[in-house]
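For reference, the chains in residue letters:
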Amino acid sequence: QVQLVESGGGLVQPGGSLRLSCAASGSIFTMYDMGWYRQAPGKQREWVASITRTGNTNYADSVKGRFTISRDNAKNTVYLQMNSLKPEDTAVYYCNADVYVLVRGRGGYWGQGTQVTVSS
């Protein structure tokens with residue numbers, strides 16, 4: 001089994017910054033793509049950013065130039081640096097990982113989510 005635990009959410013003023021972390025643990029053999037999604041109240045969950053094992057990144061247009069995704073393969077951890085935050089970035093942010101687990105094989109896993117609120 002794999003556990004993903006997010007941290008770093010909170011309340012921030014518009015224009016401010018936050019750094020989210022997501023640490024994976026368990027019987028992990030290989031971590032493939034990792035990513036961040038978010039879900040605002042009353043809306044569907046949407047993709048924010050993703051990063052491959054070799055460090056290639058992709059971003060949703062809404063966050064491009066403001067958010068940076070990175071990872072530490074030695075720590076099985078992915079980060080999301082969020083700058084120039086806007087009220088519309090308010091959402092629960094979820095970590096996602098494509099993982100090869102010993103015995104069970106390859107599959108996708110989700111964290112429990114961390115709340116980000118951007119408000120003055």
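See the structure printed just above.
None of the values given here were measured: they were computed from a predicted structure.

## A short note on the pairing of strand β7 (residues 67-72)
Okay, step 1: In β7, alternate side chains face the same way, and those of Phe 67, Ile 69 and Arg 71 are buried while those of Thr 68, Ser 70 and Asp 72 on the opposite face are not.
Okay, step 2: One ladder, built from six bridges, connects β7 with strand β8 (residues 77-82); its direction is antiparallel. Bridged to Ile 69 within β8 is Leu 80.
Okay, step 3: Where β7 folds back onto β8 in an antiparallel hairpin, the turn is made up of four residues, including Asn 76, whose phi is positive at roughly 50°.

## A few points about the sheet that holds strand β1 (residues 2-7)
Okay, step 1: Strand order in the open sheet formed by four strands is β1-β3-β8-β7, with antiparallel pairing between adjacent strands. The sheet is open, and its two edges are formed by β1 and β7, each paired on a single side. Averaged over all pairs of adjacent strands, the angle between their axes in this sheet comes to 15°, without regard to strand direction.

## Points about the pairing of β8
Okay, step 1: The buried fraction of β8 amounts to five of the six residues, a majority that puts the element mostly inside the structure.
Okay, step 2: Of the strand pairs in this sheet, strand β3 (residues 18-26) and β8 are connected by six bridges, and their pairing is antiparallel. Opposite Ala 23, over in β8, you have Thr 77 as the bridge partner.

## What about the side chain of Asp 89?
Okay, step 1: Note on placement: Asp 89 falls in the loop between β8 and β9 (91-101).
Okay, step 2: Apart from residues lying up to four places away in sequence, Asp 89 is in contact with Arg 38, Arg 66, Phe 67, Ser 84, Val 116 and Val 118.

## Regarding the state of the cysteines
Okay, step 1: In the structure shown here, the tally under the stated rule is one disulfide.
Okay, step 2: Note that Cys 22 is cross-linked by a disulfide to Cys 95, the S-S spacing being 2.1 Å. Measuring the twist about the S-S bond at about -80°, one finds the Cys 22-Cys 95 disulfide to be left-handed. Of this pair, Cys 22 sits in strand β3 while Cys 95 is found in strand β9, placing the two residues 73 residues apart along the sequence.
Okay, step 3: Judged by its relative accessible area of 0%, Cys 22 falls in the buried class.

## A word on the packing of aromatic side chains
Okay, step 1: As enumerated under the stated definition, the model contains two aromatic pairs in all.
Okay, step 2: Seen from their ring centres, Tyr 37 and Trp 110 are 4.9 Å apart, and the 65° between their planes marks the pair as edge-to-face. Of this pair, Tyr 37 sits in strand β4 (residues 28-39) while Trp 110 sits in strand β10 (residues 105-110), and the two are 73 residues apart along the sequence.
Okay, step 3: Above the face of the Trp 110 ring, Arg 45 is positioned so that its terminal group lies 4.6 Å from the ring centre.
Okay, step 4: Directly above the aromatic system of Tyr 32 lies the positively charged group of Arg 106, at a separation of 3.6 Å from the ring centroid.

Conventions we followed
- Residues numbered from 1 in each chain as written.
- Predicted model: local features only at pLDDT ≥ 70, side-chain atom pairs only at ≥ 80, totals over all residues.
- Heavy atoms only, no water.
- Buried < 20%, exposed > 50% of the residue type's maximum accessible area, 1.4 Å probe, protein only.
- Helix = DSSP H or I, 4+ residues; strand = E, 2+ residues; numbered from the N terminus.
- Pairing = 2+ DSSP bridges.
- Axes fitted to C-alpha atoms, helices over the stretch in contact; angles between N-to-C directions.
- Contact = heavy atoms within 4.5 Å.
- Disulfide = S-S within 2.5 Å.
- Phe/Tyr/Trp six-rings, centres within 6.5 Å; stacked < 30°, edge-to-face > 60°.
- Lys NZ or Arg CZ within 6 Å of the ring centre and 35° of its normal.

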